[in-house]
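Residue-level structural notes
This is what each chain is made of:
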Amino acid sequence: LSPGAKMGCFTFIKVMMILFNLAIFLSGGTLLGVGIWVSVDGKSFLDIFGTLSSSVMQVVDVGYLLIVIGSILLVIGFLGCCGAQKESKCLLMIFFSVVLIIFIAEIAAAVLVLVYPTLVETFLSALVTPVLKEKYGEDKSFTQIWNATMNEVHCCGLNNYTDFEGSPWYQDNNNTFPGPCCTAPVPCTHSLAAQMAGGSQPPAHPHLFGCLPQGCFDQIVEEIKTNAVVVGGVAAGIAALEVAAMVVSMYLYCYLDRK
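Not measured: the values here are computed from a predicted model. Each chain has its residues counted from 1, following the order in which its sequence is written. Reporting of local features is limited, given that this is a predicted model, to residues whose pLDDT is at least 70; pairs of side-chain atoms are given and counted only at 80 or more, and all residues count toward the totals for whole chains, interfaces and linings. Water and hydrogen atoms were dropped before computing side-chain values, which therefore reflect all heavy atoms in the structure.

Some thoughts on the nonpolar core
Note on terminology: a nonpolar core comprises buried Ala, Val, Leu, Ile, Met, Phe, Trp, Tyr and Cys residues joined through side-chain atoms within 4.5 Å. Only protein chains enter the accessibility calculation, which uses a 1.4 Å probe; a residue is then buried when its area is under 20% of its type maximum, exposed when over 50%, and partly exposed in between. Leu132, Tyr136, Trp146, Met150, Phe164, Phe177 and Cys181 are the most contacted members of the largest nonpolar core, which totals 22 residues. Going along the chain from the N terminus, every DSSP run of H or I of four or more residues is numbered as a helix, and every run of E of two or more is numbered as a strand. Elements supplying a minimum of two residues to this core: α5 (117–135), α6 (140–153) and α9 (216–226). Residue contacts for phenylalanine 164: discarding those within four places in its chain leaves Leu132, Tyr136, Met150, Cys156, Gly157, Tyr170, Phe177, Pro178 and Cys181. Counting 20 residues, the second largest nonpolar core, distinct from the first, contains Met17, Leu91, Val99 and Met246. Throughout, a contact is declared for two residues whenever any of their heavy atoms are within 4.5 Å.

What follows is the structure in structure tokens.
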């Protein structure tokens, strides 16, 4: 290519890089704002948008998750946009490095989920169970989200009914568990919940009960497997965008290095 053609190609890619990262920056700011809103006033968020029904979102604090993702997108968008606009090799290299680290982390997480599901379950249990014991029955929005999930997905806790032992709900309701843990129109006592979770003794009145509730983690895994094509497509799309961003940033970096 002639020098003019190379310059025109560089200018086009530079503009696309700026616009792409500006969109990422604005998206990050939006997610950060929504995350702060959910963390500060989750009830009004639920009142406007309705109860969150996606079961995957119940194993994390939605507000903090959005804040983290929004902050990361803000940083990436800022680095990419400013790096391209100012033609800064330093910023472009930092942008490339950050995206590469995120890409590697996503690959590692996918491998862990697919190859070591038990390890992932142990990690989530250590992370989520203390939150359930601390917030369920006390934090209204948190409780509503979990109730909606358990009723819709027909599950109980992350692992089983014991995740709620010691929670504010458990203490305020005479040491009973949430209704979805028993799927019965009677108080969900410890012995009844144990029977429903597959204990050694069958329920005294089996005709009163529905399916035995499982932990939500198992149900989430089943939903992911059921929608494997959609999940895989979204993951592949995100990975493709990340690879494209790294290629473009490295192209700009190498072009500036030759100037």
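Concerning the confidence of the model for the chain
Here the chain averages 77 in pLDDT, while 80% of its residues score no lower than 70. Note on scores: pLDDT gives the predictor's confidence for each residue, bounded by 0 and 100. Every residue in residues 50–60 is under pLDDT 50, and counting partners more than four places away or in other chains gives 27 contacts. Scored below 50 in pLDDT, residues 199–211 makes 19 contacts in the model with residues more than four places away or belonging to other chains.

Concerning the environment of methionine 150
As for its position among the elements, methionine 150 is in helix α6. Each C-alpha atom, one on methionine 150 and one on glycine 179, is 9.2 Å from the other, the two residues being 29 residues apart in sequence. Discounting chain neighbours no more than four positions away, the residues touching methionine 150 are Tyr136, Cys155, Cys156, Gly157, Phe164, Pro178, Pro180 and Cys216.

Description of a nonpolar patch on the surface
In this scheme, patches are assembled from residues that exceed 30% relative accessible area and form no salt bridge. Like charges are connected within 9 Å, while nonpolar side chains (Val, Leu, Ile, Met, Phe, Trp, Tyr) are connected within 5 Å. A 1.4 Å probe and the Shrake-Rupley method give the accessible areas. Residues count as covered only by the protein chains that appear here. By definition here, a salt bridge exists when the distance from a side-chain nitrogen of Lys or Arg to a carboxyl oxygen of Asp or Glu is within 4 Å. Judged by side-chain polarity, Phe12, Val15, Met16, Leu19, Leu22, Phe25, Leu26 and Phe78 come together as a nonpolar surface patch covering roughly 740 Å² of accessible area. If one sorts the elements of the nonpolar patch by residue count, helix α1 (residues 3–40) sits on top with 7 residues.

Some remarks on the packing of helix α4 (residues 89–115) against helix α10 (residues 228–258)
Running from N to C, α4 and α10 cross one another at 155 degrees; their axes reach a closest spacing of 9 Å. As summarised for this structure, α4 and α10 are arranged roughly antiparallel, according to the angle between their axes. The two elements α4 and α10 cross, and the hand of that crossing is left-handed. Listed contacts from α10 to Lys89, Leu92, Met93, Phe95, Phe96, Val99, Leu100, Ile102, Phe103 and Glu106 of α4 are Ile238, Ala239, Glu242, Val243, Ala245, Met246, Ser249, Met250, Leu252, Tyr253, Leu256 and Asp257. Residues belonging to the contact of α4 with α10 are distributed by class as follows: 17 nonpolar, 1 polar and 4 charged. Think of each axis as a best-fit line through the C-alpha atoms, taken over the contacting stretch in the case of a helix, with angles from 0 to 180 degrees between the N-to-C directions. An angle below 35 degrees is treated as roughly parallel, one above 145 as roughly antiparallel, one from 65 to 115 as roughly perpendicular, and anything else as oblique. Each crossing gets its handedness from the near helix: less than a right angle anticlockwise from the far helix is left-handed, clockwise is right-handed. By the convention adopted, Pro, Cys, Tyr, Trp, Phe, Met, Ile, Leu, Val and Ala count as nonpolar, Lys, Arg, Asp and Glu as charged, and the other residues, Gly among them, as polar.

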